[in-house]
Each structure stands twice: as C-alpha cells, then as structure tokens.
Amino acid sequence: MASVQLINVYKRYAGNVLAVKDFNLNIADKEFVIFVGPSGCGKSTTLRMIAGLEEISEGEIKIGDRVVNDIAPKDRDIAMVFQNYAMYPHMSVFDNMAFGLKLRKTPKDEIKRRVEEAARILGIEHLLNRKPMALSGGQRQRVALGRAIVREPKVFLMDEPLSNLDAKLRVQMRTEITKLHQKLQTTFIYVTHDQTEAMTMGTRIVVMKDGIIQQVESPVVLYNRPDNLFVAGFIGSPQMNFIVARIEKDDEGRVVAEFGKRTQIVLPEDKVEAIKAGGYMGKEVYLGIRPENISDQPEAIESNPLGTVNAKVEVVERLGAETLLYLIIDGNSVTAKVHPSSKARPEDNITVAFDIKKMHIFDKETERTICH
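1. Considering the nonpolar core
- Core analysis: the biggest nonpolar cluster contains 47 residues, and Met97 and Ile177 have the highest contact counts within it.
- No other element matches the six residues that helix H3 (residues 108-122) contributes to this core.
- Core analysis: the second largest hydrophobic core is formed by 33 residues, Ala311, Val338, Val352 and Phe354 among them.

Structure representation (structure tokens):
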C-alpha cells in the first residue's frame, strides 16, 4: 500500500501551453481520491503523469517514500484501468487477466491463485474460459479491473473507466468499484468528468479547472461550502442557480439582495456580518441557491416569509421522486427541485421560497465565496 504525493507539478506542451499548473496534493494510503472537472481541465494528464505515461515538466511525484519522476511505468507498482479496456480477442478471460503476470515470469500456481481470487472478488469466476467477444460491456469492465487487481499494486489509477457503459450499468459499476476499494484497502485515484460519480464514490474530491486545483475536500464539504463560483456550479445536479444581485438596505433598515426590477430577499444575520466585513454594501454580487433549496410548498413559504419571491413557471419535469420547475423570477432563469406533489403547471404564476440560510454569496469580480 502507498501514499501518493504531487509537489509543485507542472505539465507544459509545445508552445508553452500549460496543461497542469503548480499541482500540490497529498493522497493518504488507502484513500479513494477523485479528480473531477470539465474536459480539458488536466485531470487525465495528471493521472498519466502519476502513472509515468506522461513526463512531468517540473516538480516531483512520490509513490510511498520513492520519487518516481525518472522511474518507468512498469516499475512504479501501479495498475491503470483505462476508458477503453482493450483485450486480446484470441485469449480467454483467464489469459487476458494473467498476461501481465506471465510477462513478469510469475510462477504458474501464483498466477492461478491471483486470477481466481480476483475473479471471485469481481464475481466473474464463470467467465474465465470465455473470449472477450462473448462478454457484455459490464463484464469486460470487470475483466479490466481484474487485470489490474491481479498485479496487487500499491496504487490503482482509473481513467474514466465507466464512460463507455450505459446509464444503468454505470450506477451498478460505481457501487462495485466502491466495494472493491473497501475490500482491497488500496489507494485509488479515479478520473471522471461526471460529478455524480465523484460525489458518490470518493473519500475526497479534487475539483480542477484549466489545469489548476480549485478545491480539495470531502463530497459533503464541497457541496455545502464551495470555495468559489466554479466549484459551486460544478458540484450538484441540477447545478446551483446564480443571480446577479445588489446588496442594499430596505426601507426598514434590513440588508437585502435586490435583483430584477422589484425582487428583494432579506439576508440572515450571519451573512450580513460577512457582507459588511467585506465591504459589499451597495455592490453587485452573485447570489447562489441550489434547486433543492427552493420550495413551492405552502408550509415552506409560510415559515420563510423573508425569502419568498414571485415566479412564472416555464417548464415542469415530473421525475417520480421529485419535480423540476424551470422558472422565470424577475427576468432570471431559475431551476427549483420541489416535492413531487407540486401542483405547478406551465404558465402558472406562483410563489416560491428560497431557504435563505442555505444561500451562497460570491464576489462578482473574483468569484470567490463571501459567505455560505
């Protein structure tokens, strides 16, 4: 087992194109860390640098106590599972899983033990004599995982391993990989662009944008206390609503967020303190509210009079366990995730309540969080 450390790591391509910039991260032994971000953010490049498949331009990578900058991929004691799990079509599943061990001149009885143990963990014992063409996508994915497990590496690296599977199978395999991590008690580093995958699997998530780490935290902290506008918008589905608002005082002397032509939301005292301390009175900010923190239920509206606003319903999506309302609130497009019993219909004019305690406020220039 091993920890992984990246110290001031950079990756430059021709023309001084920076793919990864000043990347610093300590991954503890047995941790399940996920790199997440939009396409082109540098997450796969970082994973490939850890694997030794990409040279680093600057900095240091350690696996355990060993600096591995100049160590070949095969000698780093890692195993990588790719998005495309290419297999030798003429070989059985057993031989595909055993191939790497045979190259290393591992004794036959040891190969048999490791392959059968990996197959048992993954529930594919009955597939060992089949050829890859006779396997489904999910079965091929398990074989690819098995091929990594038999090597008994210190670190597992996974680059979008579920992206070729259908939606239902992805959900199932997410659970399988999480169980696998718990069984093997090995360090996992996993790359995905899917924030739902990240939120459900990782012990810690590294959110990346333009080759730079935006925030490293547990899923719960990322969701509730994002460091900036990008993280707030990237984590959560549907994504957080953002509204440009001005911080003012109303006729009663209360601090409010004003937006559109006539809409005001009274801010709670803890947020007012942060706004005053930061000198934001009279200035424009971004107001952030998650769809699940907006309600059209009478009891929510009654209990939250300071956060109620008028809205026009554009589209209603009934998803069974929940309903999504696409609203226009004083010129702003807003999504609300409401109770499935909602009676809202397209073109209705309704009242909704923002949970003011769960609003986030961001600096309009720097996009950094002012308060949660």
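2. Regarding the pattern of salt bridges
- Counting across every chain of the model gives 21 salt bridges.
- Close ionic contact of Arg113 with Glu110 constitutes a salt bridge, the shortest N to O distance being 2.9 Å. With Arg113 and Glu110 both in helix H3 and three residues apart, the pair spans about one turn of that helix.
- Residue classification places Glu110 among the partly exposed positions, given a relative accessible area of 23%.
- For Arg142, the salt bridge goes to Glu176, with nearest N and O atoms at 3.9 Å.

3. Here's the deal with the packing of aromatic side chains
- Counted by the stated rule, this structure contains seven aromatic pairs.
- The interplanar angle of 40° and the centroid separation of 4.9 Å between the aromatic rings of Phe156 and Phe188 together place this pair among those described as tilted. Of the two residues, Phe156 sits in strand E7 (residues 155-159) while Phe188 sits in strand E8 (residues 187-192), which places them 32 residues apart along the sequence. Each member of the pair, Phe156 together with Phe188, is buried.

4. Topic: the environment of Ala14
- As for its position among the elements, Ala14 is in the loop between strand E1 (4-13) and strand E2 (17-27).
- Along the sequence, Ala14 and Glu347 sit 333 residues apart, while their C-alpha atoms lie 54 Å from each other.

5. Focus on helix H9 (residues 269-277)
- Among all positions of H9, only Lys271, Val272 and Ile275 are buried. Looking down the long axis of H9, one finds its buried residues gathered within 105° of arc, a one-sided arrangement. Exposed residues on H9 whose side chains face more than 90 degrees from its buried face are Glu269, Glu273 and Ala277.
- Buried residues in H9 make contact with strand E11 (241-249), strand E12 (255-259), strand E20 (360-363) and strand E21 (369-371).
- Just beyond H9, the residue with positive phi is Gly279, at close to 70°.

6. Thoughts on unusual backbone geometry
- Across the junction of Ser237 and Pro238, the peptide omega takes the value -10°, indicating a cis bond.
- With respect to the element layout, Pro238 can be found in the loop between helix H8 (229-234) and E11.
- A positive phi angle, close to 60°, is found at Asp77, a residue other than glycine.
- In this structure, Asp77 sits in the loop between strand E5 (66-67) and strand E6 (78-81).
- For Glu160, which is not a glycine, the phi torsion comes out positive at approximately 45°.

What counts, and at which threshold
- Residues numbered from 1 in each chain as written.
- Predicted model: local features only at pLDDT ≥ 70, side-chain atom pairs only at ≥ 80, totals over all residues.
- Heavy atoms only, no water.
- Core = buried A, V, L, I, M, F, W, Y, C linked by side-chain atoms within 4.5 Å.
- Buried < 20%, exposed > 50% of the residue type's maximum accessible area, 1.4 Å probe, protein only.
- Helix = DSSP H or I, 4+ residues; strand = E, 2+ residues; numbered from the N terminus.
- Salt bridge = Lys/Arg side-chain N within 4 Å of Asp/Glu carboxyl O.
- Phe/Tyr/Trp six-rings, centres within 6.5 Å; stacked < 30°, edge-to-face > 60°.
- Arc of directions from axis to C-beta.
- Contact = heavy atoms within 4.5 Å.

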